[in-house]
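Take a look at the letters that make up each chain.
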Amino acid sequence: MELLKNKIIAQGIAINEKVLKVDSFLNHQVDVPLMQEVGLEFAKYFRDQGITRVMTIESSGICPAAFTALALGVPLVIMKKQLSCIHCEELLSTPVHSFTKNKDYTLTLSPNYIQYGDRVLIIDDFLANGEAALGACRLVEAAKATVSGIGIVIEKSFQPGRTLLQEKGYQLYSLARISKLGHGVIEFA
Ligand code: G4P
C-alpha cells in the first residue's frame, strides 16, 4: 500500500536491525485518515471471504481493525492481554510469548463475542514472530469458528511470522512488508 509505505519512509525510525518505531502514526499518535485507508484496503482484499467478525489484540491493532470492521459492516472484538474480569473462568485463554518485549501474557476472549461458525478476520499492527497472531487463531478455533484471514499493517518479513502462519494455511495480507532494518535503513520486500 503506497500511502503506508510513504508514511513509513517519511516518519518511521529503525532503532536497530529488528525494531521499527512508528509512534508518530500507529503506536502512540495515530494518523486516523491513514488508518481509515488501511481499513478500506483490508475490507477490499477480504471482501469475498464472508467475514462475520473482525478481531484484534489490544492496543495498537484497535484503530486499523475498527476501520476494517466499519468498512465490512461487521462487529469488532478486541482480545485482551489480562485477566481483569469478574467471570474469568468463562473466558477462552491461551498463553503467548512476546519475543520483542521478552515477556509472556495470557490472551483472552469472551465466548459471548464469538459464535460457532463465525468467519473471523484478525487484524494487527505488526507481524514479527507470529506469536500473537497464532494465539489469536487458537482462541478463534477454540470457539469452533474459522480464521478466514489475517491482515497485518506492517510485516517484518525477515522474522519468522509469515512463514509460520502460511505453514498453518492461513491467508495473510500485509500492507507493508519490510525486508531489512538498520540504523537509517528501511527496505521493503
Ligand atoms: P509477534 O506477535 O509477531 O511474535 O510479535 P511480538 O510478540 O514479538 O511483538 C510484541 C509487541 O511488539 C506487539 O505489540 C507488536 O506489535 C510489537 N512490535 C513487534 N515488532 C515491532 C516493531 O518493529 N516496531 C514496533 N513499533 N512494535 C513492534 P504489543 O505488545 O501488542 O503492544 P501494543 O499493541 O499494545 O502497542
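Numbering of residues starts from 1 in every chain and runs along the sequence as written. With pLDDT at 70 or above as the cut-off, local features in this predicted model cover only qualifying residues; side-chain atom pairs require 80 or more to be listed or tallied, and sums for whole chains, interfaces and linings still use all residues. Values reported for side chains reflect all heavy atoms of the structure, with hydrogen atoms and water molecules removed beforehand.

> Whenever I open this one, the environment of Gly169 confuses me. Can you help?
Under the scheme used here, helices are H or I runs from DSSP no shorter than 4 residues and strands are E runs no shorter than 2 residues, and both carry numbers assigned from the N terminus. Its place among the elements puts Gly169 in the loop between helix H6 (161–167) and strand S9 (172–182). For Gly169, a relative accessible area of 62% gives the class exposed. In this scheme, a residue with accessible area under 20% of its type's maximum is buried, one over 50% is exposed, and one in between is partly exposed, where area comes from a 1.4 Å probe on protein chains only.

> Would you explain the nonpolar core in this entry?
Here is a general trend for soluble globular proteins: nonpolar side chains tend to be buried in one another's company. With 29 residues, the main nonpolar core has Leu4, Ile8, Phe42, Val54 and Ile154 as its most contacted residues. Counting residues per element, the ones that place at least two in this core are helix H1 (2–11), helix H2 (23–27), helix H3 (32–46), helix H4 (62–72), strand S7 (119–127), strand S8 (146–156) and S9. Here the element with the most residues in this core is H3; it accounts for six residues. For this analysis, residues touch if any pair of their heavy atoms sits within 4.5 Å. Those residues in contact with Ile8, other than ones at most four positions away along the chain, are Leu20, Phe25, Ile154, Ala176, Ile178, Ile186 and Phe188. Among the nonpolar cores identified, the runner-up in size contains 27 residues, and Ile114, Ala143, Leu165 and Tyr170 belong to it. Put simply, buried Ala, Val, Leu, Ile, Met, Phe, Trp, Tyr and Cys residues joined by side-chain atoms within 4.5 Å make one nonpolar core.

> Help me understand the packing of H3 against H4, please; the structure alone is not making it clear to me.
A pair of packed helices is captured by two measures, namely the crossing angle of their axes and the spacing between those axes. Where H3 meets H4, the closest approach of the two axes is 7 Å, and the angle between their N-to-C directions is 50 degrees. In terms of their interaxial angle, H3 and H4 are classed as oblique. Crossing geometry of H3 relative to H4 is assigned as right-handed. Facing Val32, Met35, Gln36, Val38, Gly39, Leu40, Phe42 and Ala43 of H3, the residues of H4 in contact are Cys63, Pro64, Phe67, Thr68, Ala71 and Leu72. In terms of residue class, the contact of H3 with H4 is made up of eleven nonpolar, three polar and no charged. Lines fitted to the C-alpha atoms define the axes, with helices restricted to the stretch that makes contact. Angles between their N-to-C directions range from 0 to 180 degrees. Throughout, the term roughly parallel applies to angles under 35 degrees, roughly antiparallel to angles over 145, roughly perpendicular to angles from 65 to 115, and oblique to all others. For any helix crossing, the convention is left-handed if the near helix is rotated counterclockwise from the far helix by under a right angle, and right-handed if that rotation is clockwise. Residues are grouped as follows: nonpolar covers Ala, Val, Leu, Ile, Met, Phe, Trp, Tyr, Cys and Pro; charged covers Asp, Glu, Lys and Arg; every other residue, Gly included, is treated as polar.

> Honestly, the site of the ligand in this entry has me stumped. Any pointers?
Close to the ligand lie 21 residues, the nearest being Leu20, Ser60, Lys81, Thr100 and Lys156. With respect to the ligand, the backbone of Leu20 contributes an N or O atom lying 2.6 Å from a nitrogen atom. Polar contact is defined as a pair of N or O atoms within 3.5 Å, subject to the rule that within protein one atom must be able to donate a hydrogen and the other to accept it, and that residues adjacent in sequence are counted only when both atoms are side-chain atoms. A distance of 2.4 Å separates an oxygen atom of the ligand from a polar side-chain atom of Thr100. For the shell around the ligand, the secondary-structure elements that each account for two or more residues are S7 and helix H5 (131–142). Being near a molecule or strand, for a residue, comes down to having at least one heavy atom within 4 Å of it.

> What is the right way to look at the pairing of strand S6 (residues 103–109) in this model?
Along a regular strand, successive side chains alternate from one face of the sheet to the other. A pair of strands counts as paired when DSSP detects no fewer than two bridges linking them. Strand direction decides the pairing type here: strand S5 (residues 92–98) and S6, joined by seven bridges, are antiparallel. Note that in S6 the partner of Ser98 across the bridge is Lys103. Linkage of S5 to S6, two consecutive antiparallel strands, is achieved through a turn of four residues, within which Asn102 is found at a positive phi near 50 degrees.

> Can you help me understand the packing of aromatic side chains in this one?
Both the distance between ring centres and the angle between the ring planes are used here to describe each pair of aromatic rings. Two rings belonging to Phe, Tyr or Trp (six-membered ring only in the last case) form a pair when the distance between their centres is within 6.5 Å. Interplanar angles under 30 degrees mark stacking, angles over 60 mark edge-to-face geometry, and anything in between is tilted. Tallied over the full model, the rule gives four aromatic pairs. On the basis of an interplanar angle of 85 degrees and a centroid distance of 6.2 Å, the ring pair of Phe42 and Tyr173 is categorised as edge-to-face. You can see Phe42 sitting in helix H3 and its partner Tyr173 sitting in strand S9, a full 131 residues away along the chain. A single burial state applies to Phe42 and to Tyr173, both of which are buried. Relative to Tyr173, the ring of Phe46 lies with its centre 6.4 Å away and its plane at 70 degrees, an arrangement referred to as edge-to-face. With Phe46 in helix H3 and Tyr173 in strand S9, this residue pair connects regions lying 127 residues apart in the sequence. Owing to a relative accessible area of 0%, Phe46 belongs among the buried residues under this scheme. An aromatic cluster is present here, built from Phe42, Tyr45, Phe46 and Tyr173 joined pairwise through their rings. Distance and angle both matter: a charge sits over a ring if NZ of Lys or CZ of Arg is within 6 Å of the ring centre and within 35 degrees of the ring normal. Here Lys5 stacks its cationic end above the ring of Phe188, 5.5 Å away from the centre of that ring. Sitting over the face of the ring of Tyr105, Lys81 holds its NZ or CZ atom 5.6 Å from the ring centroid.

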